[in-house]
Amino acid sequence: DAGVIQSPRHEVTEMGQEVTLRCKPISGHDYLFWYRQTMMRGLELLIYFNNNVPIDDSGMPEDRFSAKMPNASFSTLKIQPSEPRDSAVYFCASTSQGGLNSPLHFGNGTRLTVT
Amino acid sequence: KNQVEQSPQSLIILEGKNCTLQCNYTVSPFSNLRWYKQDTGRGPVSLTIMTFSENTKSNGRYTATLDADTKQSSLHITASQLSDSASYICVVKRNYGGSQGNLIFGKGTKLSVKP
């Protein structure tokens with residue numbers, strides 16, 4: 001099992017550019033989460049999917065952020081246009097519906113720097 | 001307000017020593033409490049998940065305790081090793097309509113183990 005795979009690991013871009021982050025969840029997991037981590041705020045939930053359907057996107061900061069899950073093995077988080085305050089580490093996580101006590105499995109994140 | 005507070009913010013100990021990390025929460029209704037370990041540059045990894053009825057749970061040299069009455073948890077690390085240097089994050093899940101998104105994260109305790 002390769003775990004949750006995220007790409008790229010690092011992304012440096014200029015303000016105003018479009019950024020796309022990618023995630024491949026663990027095979028068989030039917031929940032996928034996008035989190036953002038900063039020193040000030042810790043880990044924050046942005047959006048999560050169940051069976052490829054967005055369930056709760058109330059954590060998405062604003063319309064500049066969008067997420068898709070076209071199939072069970074792939075999800076993207078897009079920021080357009082990017083701003084310096086979007087600089088953070090973005091994590092994707094997945095879990096199975098094995099009960100509410102299933103742990104989240106995190107990828108190793110994408111460190112985004114917007115200059 | 002649903003909150004998870006961790007203490008101390010950071011801790012330095014010598015290799016071989018024991019330490020205890022604290023987590024206080026005001027999350028309600030309570031479903032379970034999780035401890036995650038996050039190495040630098042990596043995603044969090046689950047250590048333990050404790051439900052309301054569990055007072056103690058061990059995972060190798062890690063022992064978590066839960067007092068649901070006082071809404072406190074602790075993570076005890078025995079005979080620390082250099083590889084224990086990481087951030088430890090306490091996460092409480094709300095029992096809210098079966099949603100998988102109701103995880104409240106603490107900001108973590110950064111542990112440094114020195115030789």
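A brief look at the structure comes next. Keep in mind the model is a prediction, meaning the values are calculated, not measured. (Residues numbered from 1 in each chain as written. Chains lettered and ligands numbered in written order. Predicted model: local features only at pLDDT ≥ 70, side-chain atom pairs only at ≥ 80, totals over all residues. Heavy atoms only, no water.)

### What to know about unusual backbone geometry
A:Pro81 follows A:Gln80 through a cis peptide bond whose omega is -5°. Note on placement: A:Pro81 falls in the loop between strand S8 (74-79) and strand S9 (88-95). Looking along the chain, the bond that leaves B:Ser7 and enters B:Pro8 is cis, with omega of -10°. Non-glycine residue A:Asn52 carries a positive phi angle of around 75°. With respect to the helices and strands, A:Asn52 occurs in the loop between strand S5 (42-50) and strand S6 (53-56). Phi is positive for B:Ala79, close to 50°, though the residue is something other than glycine. (Helix = DSSP H or I, 4+ residues; strand = E, 2+ residues; numbered from the N terminus.)

### Let's talk about the interface of chain B and chain A
Each partner contributes to the interface: chain B provides 20 residues, whereas chain A provides 21 residues. Roughly 1700 Å² of surface becomes buried between chain B and chain A when both sides are summed, with 54% attributable to carbon and sulfur atoms. Linking chain B with chain A are 0 salt bridges, by the criterion used here. Breaking the side of chain B that touches chain A down by element, the ones donating at least two residues are strand S4 (30-38), strand S5 (45-51), strand S9 (86-94) and strand S10 (103-105) of chain B. Per-element tally for the side of chain B that touches chain A: the top contributor is S4(B), with 4 residues. (Contact = heavy atoms within 4.5 Å. Buried area = accessible area lost by both parts, 1.4 Å probe. Salt bridge = Lys/Arg side-chain N within 4 Å of Asp/Glu carboxyl O.)

### Looking at the side chain of B:Ser74
Residue and element names in this part refer to chain B. Among the structural elements, Ser74 can be located in strand S8 (residues 72-77). A polar contact of 2.5 Å, which involves the side chain of Ser74, links it to the side chain of Thr65. Ignoring anything within four residues of it in the chain, the contact list for Ser74 reads Thr20, Leu21, Gln22, Trp35, Thr63, Ala64 and Thr65. (Polar contact = N/O pair within 3.5 Å; in protein donor to acceptor, adjacent residues only side chain to side chain.)

### Quick word on the sheet that holds strand S7 (residues 65-71) of chain A
Residues and elements named next belong to chain A. Spatially, the 4 strands line up as an open sheet ordered S1-S3-S8-S7, and their pairing is antiparallel. The strands lining the two open edges of the sheet, one partner per strand, are strand S1 (5-7) and S7. Taken pair by pair, the neighbouring strands of this sheet meet at an average axis angle of 15°, ignoring direction. The pairing of strand S3 (residues 19-24) with S8 spans 5 bridges and is antiparallel. Considered in S8, the bridge of Arg22 is made with Thr76. (Pairing = 2+ DSSP bridges. Axes fitted to C-alpha atoms, helices over the stretch in contact; angles between N-to-C directions.)

### Regarding the nonpolar core
Core analysis: the largest hydrophobic core is formed by 24 residues, its most contacted members being B:Tyr25, B:Leu33, B:Trp35, B:Leu75 and B:Tyr88. Counting residues per element, the ones that place at least two in this core are strand S3 (19-25), S4, S5, strand S7 (62-67), S8, S9 and strand S11 (109-114) of chain B. Excluding residues that lie within four positions of it along the chain, B:Tyr88 makes contacts with B:Gln6, B:Leu21, B:Trp35, B:Tyr36, B:Lys37, B:Leu47, B:Tyr62, B:Leu75, B:Ile77, B:Gly108, B:Thr109 and B:Leu111. If you look at the next biggest cluster of nonpolar residues, it comprises 21 residues, including A:Val4, A:Met60, A:Ala67 and A:Ile79. (Core = buried A, V, L, I, M, F, W, Y, C linked by side-chain atoms within 4.5 Å. Buried < 20%, exposed > 50% of the residue type's maximum accessible area, 1.4 Å probe, protein only.)

### Some words on the layout of surface pockets
Here the largest pocket is characterised by a volume of approximately 1300 Å³. Together, 47 residues line the largest pocket, and A:Gln37, A:Thr38, A:Gly42, A:Leu43 and B:Lys107 are the ones closest to its centre. Looking at the lining of the largest pocket, the elements with two or more residues in it are strand S4 (31-38), S5, S9 and strand S11 (110-114) of chain A together with strand S1 (4-7), S9 and S10 of chain B. Ranked by residues supplied to the lining of the largest pocket, first place goes to S5(A) with 5 residues. Among the residues forming the lining of the largest pocket, the class breakdown is 15 nonpolar, 21 polar and 11 charged. When its volume is computed, the second largest pocket comes out at roughly 310 Å³. A:Phe106, A:Gly107, A:Asn108, B:Gly43 and B:Val45 are, among the 21 residues lining the second largest pocket, the residues nearest its centre. Every element with two or more residues in the lining of the second largest pocket is listed here: S1 and strand S10 (105-106) of chain A together with S5 of chain B. (1 Å grid on protein atoms, 1.4 Å probe; cavity = no way out; pocket = protein on both sides within 12 Å on 5 of 7 lines; lining within 4 Å. Points joined across faces, edges and corners; volume = space filled by probe spheres on them. Nonpolar A, V, L, I, M, F, W, Y, C, P; charged D, E, K, R; others polar.)

### Let's talk about the pairing of S7(B)
Residue and element names in this part refer to chain B. Burial of the side chains of S7 is restricted to one face: Tyr62, Ala64 and Leu66 are buried, whereas none of Thr63, Thr65 and Asp67 on the reverse face is. Direction of pairing for strand S6 (residues 56-59) relative to S7: antiparallel, over a ladder of 4 bridges. When the bridges of S7 are listed, Asn59 appears paired with Tyr62. Here S6 folds back onto S7 in antiparallel fashion, the turn holding 2 residues, of which Gly60 has a positive phi close to 65°. The pairing of S7 with S8 spans 6 bridges and is classified as antiparallel. Note on S8: the bridge partner recorded for Ala64 is Leu75. Adjacent in sequence and paired antiparallel, S7 and S8 are bridged by 4 residues, among which Lys71 carries a positive phi angle near 60°.

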